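Below are the chains, spelled out letter by letter.
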Amino acid sequence: MEYFLSEQQKEIKNLARTIAEEKILPVRAELDEKEEFPWEIMKVLADTDMFGVFIPEEYGGLGGGVFDMCLVVEELSRVCSGVAVSYAASGLGTFTLLGYGTEEQKRKYLPDIASGRKLTAFGLTEATAGSDAGGIKTTAQRTSGGYILNGTKQFITNGGDAELYTIIALTAKEKGPRGASAFLVEKGAPGFSFGRKEKKLGIRTSSTRELVFEDCFVPEENIIGREGMGFILTMKLLDRSRPGLGAQAVGLAQGALEAAVDYARQRIQFGHPIIALQAIQLMLADMAIQVEAARALVYAAARTIDSGAKNFTLGSAMSKVFASDTAMKVTTDAMQIFGGVGYMRDYPIEKMFRDAKITQIYEGANQVLRTAIAFELRKTKGMRD
Ligand SMILES: Cc1cc2nc3c(=O)[nH]c(=O)nc-3n(C[C@H](O)[C@H](O)[C@H](O)COP(=O)(O)OP(=O)(O)OC[C@H]3O[C@@H](n4cnc5c(N)ncnc54)[C@H](O)[C@@H]3O)c2cc1C
């Protein structure tokens, strides 16, 4: 399909593909096995300006948007979803600053983010607050010149490896959802440490870790937006970041589809390659249709956001749900086509299958997003604009 990329977007996509094939492919099994953060790859992505694709030129970026980031994420994920999410989490950790930070905050942090010198992360989830973000307990108490943070965030991607964290904490507990605020917290801030590192089913090269705040002082100039805006900013952030997750799912599904076609062409049973069997052909055709449909939805959602549209909640949620369900379905079918060897670690399908599951869970579990989509439909009576 032709998606009419600009010259710059074609270059970004091609470069991301080259990096994925030349630098990630040879080490992806090892990174997964050792559960090591992919620092070498992050350095390559930094040196090639990949962290700047969605950051305006005046802050050292390439001036693109969410769509450009999706192109990179998709290409990385086609080879390794764990690397892709380590990269994409930087979008998650940066979009709030980008959209709602002060000029001073942007000048202070964005150039280092664009150059890849500082990785970022976003911390909302807690033991008591997953889908129900209103259940957070981390507090930010006003003090002279700033705030004192106390609490523990859980399951934070890039936790421990990122240098800059966007943290959601309660500045006014009694106000419930209107009592949360967003803060920029630097690694190394006194009272900020890292707790348990999770051992995961998939995306094992990415780090998922607890963030622990014990009387951690954050200066007042590090609040993003105003007190009480924390949840509104979070909803806006997730609307903006979900196509990136969709791109992760599309890349993963694309990688699985290609591997399945390759395998079906060379696996001989009953005297012929199994791709000659109609049962296999129909599966492959369905997989290809689903991947392309997911890609089209993700690209459309990302481009809608970049167009400056005011409301993109519906498309953004749809793209994440559809692409992640597609990744799960396509990697499952790809494993079926591989038969027994697909279940073995010697072949990449086993990893892709494990990596796919998380896309249905994080950045809004698909059940929750389906509910949000239905809510939007009720508001608009299901009408398109
Ligand atoms: C690998 C990994 C990386 C992550 N990275 C980050 C990160 O960087 N930053 C961050 O802040 N968080 C992160 N998370 C947290 C992630 O976003 C949450 O796990 C996710 O939102 C789901 O929350 P939960 O795990 O508490 O599940 P729960 O909310 O407990 O949900 C359990 C089940 O109940 C269903 N459910 C819950 N509420 C409803 C509802 N209202 N309607 C229908 N069904 C419902 C869910 O769909 C799910 O099936 C990460 C998680 C993982 C596993």
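I will try to describe carefully the structure that is included in this document. Numbers given to residues run from 1 along each chain, matching the order in which its sequence is written. Only residues with pLDDT of 70 or above have their local features reported here, since the model is predicted, and side-chain atom pairs are shown and tallied only from 80 upward, although totals for entire chains, interfaces and linings are computed over all residues. Calculation of side-chain values draws on the structure's entire complement of heavy atoms; hydrogens and water are dropped beforehand.

## Structural notes on the pattern of salt bridges
Put simply, the rule reads: Salt bridge, as used here, is a side-chain nitrogen of Lys or Arg placed within 4 Å of a carboxyl oxygen of Asp or Glu. Helix numbers and strand numbers start at the N terminus; a helix is a DSSP run of H or I with at least 4 residues, a strand a run of E with at least 2. Exposed residues in this analysis have more than 50% of their type's maximum accessible area, buried residues have under 20%, and partly exposed residues fall in between, with area computed by a 1.4 Å probe over protein chains only.
In the structure shown here, the tally under the stated rule is 26 salt bridges. Its salt-bridge partner being Glu 75, residue Lys 13 comes within 2.7 Å of it at the nearest N-O pair. Taken together, the residues span a long stretch of sequence, with Lys 13 in helix α1 (residues 7-24) and Glu 75 in helix α4 (residues 66-79) at a distance of 62 residues. The class for Glu 75 is buried, based on a relative accessible area of 1%. Put simply, Glu 220 and Arg 142 hold a salt bridge, and the shortest N to O gap is 3.4 Å. Here Glu 220, found in the loop between β7 (208-219) and β8 (223-224), pairs with Arg 142, found in strand β2 (residues 139-143); they are 78 residues apart in sequence, far enough to count as distant. A relative accessible area of 48% means that Arg 142 is categorised as partly exposed. Residues joined in a network through salt bridges with shared partners are Lys 13, Arg 17 and Glu 75.

## A look at the environment of Pro 348
Within the fold, Pro 348 resides in the loop between α10 (313-338) and α11 (349-357). Residue classification places Pro 348 among the partly exposed residues on the basis of a relative accessible area of 27%. Remark: the alpha-carbon pair of Pro 348 and Cys 80, spanning 268 residues in sequence, is separated by 9.6 Å.

## Comments concerning the pairing of strand β4 (residues 164-170)
Cut-off, in case you're wondering: Two strands pair under a simple rule: DSSP has to find at least two bridges between them.
Burial runs high along β4: seven of the seven residues are buried. Judged by which residues are buried, β4 turns out to be covered on both faces: Leu 164, Thr 166, Ile 168 and Leu 170 on one side and Tyr 165, Ile 167 and Ala 169 on the other are all buried. Sheet topology places strand β1 (residues 120-123) next to β4; four bridges connect them, and they run parallel. Bridging across to β4, Thr 120 finds its partner in Leu 164. Of the strand pairs in this sheet, β4 and strand β5 (residues 180-186) are connected by seven bridges, and their pairing is antiparallel. In the sheet register, Ile 167 faces β5, and the bridge partner there is Phe 183.

Everything listed here is a matter of geometry and, on its own, says nothing about what the molecule does.
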